[in-house]
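Topology and contacts: notes
These are the residues of each chain, in order.
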Amino acid sequence: TNDVEAYGNRFLDCTPATKEALAFVADALAISIPTTLARLLLTCGGGRPEKGYFLGDEYEVEVGRLLAVRVPEGSKRESLELARPRLVARSGLPTSLVPFALDTGNANFFCVDERWNIPSTDLATHEVVYFLLDEPGRAPKRIAPSLELFLEGLDSPPY
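Residues numbered from 1 in each chain as written. Predicted model: local features only at pLDDT ≥ 70, side-chain atom pairs only at ≥ 80, totals over all residues. Heavy atoms only, no water.

1. Overview of the environment of Ser96
Examined against the element boundaries, Ser96 turns out to sit in the loop between helix H3 (80–91) and strand E6 (97–103). Among the residues examined, Ser96 registers a relative accessible area of 10% and is labelled buried. As a C-alpha pair, Ser96 and Glu114 span 18 residues in sequence and 5.5 Å in three-dimensional space. If sequence neighbours within four positions are ignored, Ser96 has contacts with Arg84, Val112, Asp113, Glu114 and Arg115. (Helix = DSSP H or I, 4+ residues; strand = E, 2+ residues; numbered from the N terminus. Buried < 20%, exposed > 50% of the residue type's maximum accessible area, 1.4 Å probe, protein only. Contact = heavy atoms within 4.5 Å.)

Here you go:
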């Protein structure tokens, strides 16, 4: 297995992206992949965090697995390349959102907003939101003000 220590966590069974694959998928999907998200996918893509629990101001959530950028040959795992177009077309995912992980039920997606959420500053921070497929028509839930804070806040579940 390819286990990676990163972001104060251990990610198990990773299939990190290559820069070429990341560029190909970003171009094919006509999206901008924020720098922090690119670093995460290049180091831990497809991995399962040992500490995946996040307690935000309003919600508690649990990350099951990060998306791979592209699906490895013969794998049934979800990937950014396949998930985003499907979610936009069938599930109403706002086009500014880039999915990067699934929850523990493999049903709902964690996404970053590719737009800067603080345009009046030089800080390129991208909110993390939780897109629920079982609540169609509802706005994605804001989980963390940035991917960095989300990753740093992952912990072991209290139960």
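2. What about the pattern of salt bridges?
Following the criterion strictly, the structure yields eight salt bridges and no others. With a closest N to O distance of 3.8 Å, Arg10 and Glu50 form a salt bridge. Residue Arg10 is located in strand E2 (residues 9–12), and its partner Glu50 is located in the loop between strand E3 (48–49) and strand E4 (53–55); the two are separated by 40 residues in the primary sequence. Salt bridges sharing partners connect three or more residues here, namely Asp3, Glu5, Arg10 and Glu50. (Salt bridge = Lys/Arg side-chain N within 4 Å of Asp/Glu carboxyl O.)

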